[in-house]
Amino acid sequence: MKQVYMDTFGCQMNVADSDRMELLLFHSGYARTANVEEADLILVNTCSIREKAEQKIFSLFGNLKPLKRNNPGLVMGLTGCLAQQEGEVLLKKMPYLDFILGPDAVERLPAAVERALSCREPVVWTGFDRAKNYAIPEVEGEGPVNPGPSAFVNIVKGCDKFCSFCVVPFTRGREKSREAEEIYAEVRRLVARGAREIVLLGQNVNAYGKRGLDKPVAFHELLYGVAGIPGVKRLRFTTSHPRDVTRDLVRAFRDIDALMDHLHLPVQSGNDRILDLMRRGHTAREYLDLVAELKSEVPDIALSTDIIVGFPGETAAEFEDTLELMERVGFDSSYLFAYSPRPNTPAAEFEDSVPEETKRARLQKVIDLQNRITLANGGKFLGREVDVLIEGRAARHGAHFKGRVPQYWLVNFSGGEDVLRPGDIVKVKTEEILGHVFKGRYAGQSTPNRQ
Ligand code: 5AD
Ligand code: SF4
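This is a predicted model, so every value here is computed, not measured.

## Quick word on the packing of aromatic side chains
Summed over all chains, the structure comprises 10 aromatic pairs. Pairing Phe381 with Trp409 gives two aromatic rings, centres 6.0 Å apart and planes at 55°, and the pair type is tilted. Here Phe381 is found in the loop between helix H13 (356-379) and strand E15 (385-393), whereas its partner Trp409 is found in the loop between strand E16 (401-404) and strand E17 (410-414), with 28 residues between them in sequence. Note on Trp409 and Phe438: the rings are 5.1 Å apart at their centroids and 35° apart in plane angle, and the pair reads as tilted. Pair noted here: Trp409 is in the loop between E16 and E17 and Phe438 is in strand E19 (residues 437-445), with a separation of 29 residues, a long-range link. The burial state of Trp409 is the same as that of Phe438; both residues are buried. An aromatic cluster of at least three residues, connected via ring pairs, comprises Phe219, Phe237 and Phe253.

Structure representation (structure tokens):
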């Protein structure tokens, strides 16, 4: 088999796209290698959500360029959101690339590789697919790797929210949902191959089913459907928008045992003027009311979020509102970012008036606050027995396995190495906390397990 080396940047969508590309290439005679030197094909699946991600990719390609000089037969392609955003421009910057494919062209990857091998004219395929809804055709036959205990399933792609800072509606296109039956069939296949946890994916996952489906199914109904598939022990989804959280969804958290008590719910800011400029479509109070409703229906629910500091025009007092909201909600963890302008977005036209230094200082403040809250929240689990789905061997010295609790905290634990295997759900006694990670010791099988 020929060898493909793949590098993936960015979100879970990109990871899922890379898995898909690996599968398609496997059926075209390519096996994945971790050694870039021995590759016949190099793929970089890129992200353009923030400036930093983009810079990383350019410096990576700087390192790859000499490989092509040494091996003219080497095929090199760039895929993902940066490809979509920049298209032809990238070819001018990196003329040694053989193809540039946007996220909607993943299925055409084998054709792009073939073309690169037969004629050395580079291609740029960045058109959006025109189909009304979103389908991922099944690939018959064995795949290169079995899914792990936790498997991702794309259910909706694109985003129609057009938050003023965000490039996703431009790189991933309009929101389109997959037919529920196709999703159920993929979940059944994954479970048959060993998956125990299903993570439903979408840039705006809880906008699922709003339109375009031949057989309309609402998002909460899909959750009941997936949870009802035998062998699905745990169910999660990401990433959600507060505006698409319905009462039915809150009830689903309460009523579906397999739906884990964790919700990633980006808030971005705690200030109403900034939220309005960001075009989030809700106020801080509305977000807090939603959180109160979730907590009253599902007392054990853990929340995490995304926050941007230093949005254009954000004053010191407006930033304080974000700190206050973080304290009030008590997020278990947060992804925290300093604002950077992105091409084509409305906010890129606003005056980027917050100095870089101030952005950095604000970022440090939210990081420090989140660390404090994380530590305090983790204390609730310390010294207790928690249920852990084993996801694999622990990389850390002194622990045998790693896995997650329902509330999504990572656990490294020792013990049970002769009897346990990835996919088991076990009891672990937590002993120590380090950031958003526990260290613990195996404390016995959990029920239900292995059936
Ligand atoms: N600047 C900083 N952070 C951003 N994000 C999206 N766009 C930008 C930007 N222009 C963050 C948001 C989003 C997460 C995936 O990335 O918080 O939820
Ligand atoms: Fe971007 Fe907003 Fe859509 Fe999230 S909801 S992907 S932040 S436009």
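From this point, things continue past the structure.
## Looking at the pairing of E15
Of the strand pairs in this sheet, E15 and strand E18 (residues 425-434) are connected by 5 bridges, and their pairing is antiparallel. The partner of Glu385 across the bridge, within E18, is Lys429. Note: E15 against E16, 4 bridges, orientation antiparallel. From the neighbouring strand, Gly392 faces E16, where its bridge partner is Lys402.

## Re the site of ligand 2
Contacts to ligand 2 come from Cys159, Lys161, Phe162, Cys163, Phe165, Cys166, Val168, Pro169, Gln203, His241 and Arg280. A per-class count over the shell around ligand 2 returns 7 nonpolar, 2 polar and 2 charged.

## Let's talk about helix H7 (residues 180-192)
With 13 residues, H7 extends 18 Å from end C-alpha to end C-alpha; this agrees with the ideal 18 Å at 1.5 Å per step. For H7, the set of buried residues is Ala180, Ile183, Tyr184, Glu186, Val187, Leu190 and Val191. The arc that holds every buried residue of H7, seen down its axis, measures 160°, which confines them to one face. In this fold, the buried residues of H7 make contact with strand E7 (150-154), strand E10 (197-201) and helix H8 (219-227). Looking one or two residues past H7, Gly194 carries a phi angle of roughly 115°, positive in sign.

## Here we look at the packing of helix H11 (residues 284-297) against helix H12 (residues 316-329)
Across the interface, H11 lies against H12 with an axial gap of 11 Å and an inter-helix angle of 10°. Here H11 lies roughly parallel to H12, going by the angle between them. Contacts between H11 and H12 pair Ala284, Arg285, Tyr287, Leu288, Val291 and Lys295 from the former with Leu325, Arg328 and Val329 from the latter. Classifying every residue of the contact of H11 with H12 by side-chain character gives 6 nonpolar, no polar and 3 charged.

## Description of empty space enclosed by the protein
Under the definition given, this model contains 1 cavity of 30 Å³ or more. A volume near 40 Å³ is recorded for the largest cavity. Lining of the largest cavity is provided by Glu175, Lys176, Ser177, Ala207, Lys210 and Arg211. Taken together, the residues of the lining of the largest cavity break down into 1 nonpolar, 1 polar and 4 charged.

## Examining the pairing of E16
As a general feature of sheets, a regular strand has side chains that alternate between the two faces. Judged from the 4 bridges that link them, E16 and E17 form a sheet pairing that is antiparallel. Residue pairing in the sheet places Lys402 in a bridge with Asn412 of E17.

## Some remarks on the layout of surface pockets
Reported here for the second largest pocket is a volume of approximately 480 Å³. If you go around the second largest pocket, you meet 27 residues; those closest to its centre are Asp261, Asp300, Ile301, Phe381 and Gln407. Those elements that provide at least two residues to the lining of the second largest pocket are helix H9 (247-255), strand E13 (302-309) and E15. Considered class by class, the residues forming the lining of the second largest pocket number 13 nonpolar, 3 polar and 11 charged. Shared between two domains, the lining of the second largest pocket holds at least three residues of each, these being domain 2 (150-378) and domain 3 (385-445).

## Here's the deal with the nonpolar core
Within soluble globular proteins, side chains that are nonpolar tend to cluster in buried spots. In this structure, Ile155, Ile198, Leu200, Tyr208, Leu222, Leu223 and Phe237 are the most contacted members of the largest nonpolar core, which totals 59 residues. Formed by 24 residues, the second largest nonpolar core is a distinct cluster that contains Ala53, Met76, Leu78 and Ile100.

## Some words on the site of ligand 1
The local shell around ligand 1 consists of Ile49, Arg50, Phe165, Gln268, Asp306, Ile308, Phe337, Ala338, Tyr339, Ser340 and Arg342. Residue Phe165 places a main-chain N or O atom 3.1 Å away from a nitrogen atom belonging to ligand 1. Between ligand 1 and the protein, one listed contact pairs an oxygen atom with a side-chain N or O atom of Asp306 at 2.6 Å. Here ligand 1, which alone exposes 400 Å², has 88% of that area covered by the protein. Of all the secondary-structure elements, those providing two or more residues to the shell around ligand 1 are E13 and strand E14 (333-338). Of the residues assigned to the shell around ligand 1, the class counts are 6 nonpolar, 2 polar and 3 charged.

## So, unusual backbone geometry
Negative phi values dominate among residues other than glycine, just as trans dominates among peptide bonds. With an omega of 0°, the peptide bond between Thr238 and Thr239 qualifies as cis. Looking at the secondary structure, you find Thr239 in the loop between strand E11 (234-238) and H9. Even without glycine at this site, Gln268 takes up a positive phi of about 75°. Note that Gln268 resides in the loop between strand E12 (262-264) and helix H10 (272-277). What makes Gln268 buried here is its relative accessible area of 7%. Even without glycine at this site, Arg279 takes up a positive phi of about 60°. Secondary-structure assignment places Arg279 in the loop between H10 and H11. Owing to a relative accessible area of 47%, Arg279 belongs among the partly exposed residues under this scheme.

Cut-offs and rules
Residues numbered from 1 in each chain as written. Chains lettered and ligands numbered in written order. Predicted model: local features only at pLDDT ≥ 70, side-chain atom pairs only at ≥ 80, totals over all residues. Heavy atoms only, no water. Phe/Tyr/Trp six-rings, centres within 6.5 Å; stacked < 30°, edge-to-face > 60°. Helix = DSSP H or I, 4+ residues; strand = E, 2+ residues; numbered from the N terminus. Buried < 20%, exposed > 50% of the residue type's maximum accessible area, 1.4 Å probe, protein only. Pairing = 2+ DSSP bridges. Near = heavy atom within 4 Å. Nonpolar A, V, L, I, M, F, W, Y, C, P; charged D, E, K, R; others polar. Expected span 1.5 Å × (residues − 1). Arc of directions from axis to C-beta. Contact = heavy atoms within 4.5 Å. Axes fitted to C-alpha atoms, helices over the stretch in contact; angles between N-to-C directions. Parallel < 35°, antiparallel > 145°, perpendicular 65-115°, else oblique. 1 Å grid on protein atoms, 1.4 Å probe; cavity = no way out; pocket = protein on both sides within 12 Å on 5 of 7 lines; lining within 4 Å. Points joined across faces, edges and corners; volume = space filled by probe spheres on them. Domains from an automatic or database assignment. Core = buried A, V, L, I, M, F, W, Y, C linked by side-chain atoms within 4.5 Å. Polar contact = N/O pair within 3.5 Å; in protein donor to acceptor, adjacent residues only side chain to side chain. Areas by Shrake-Rupley, 256 points an atom, 1.4 Å probe, with all protein chains shown as cover.

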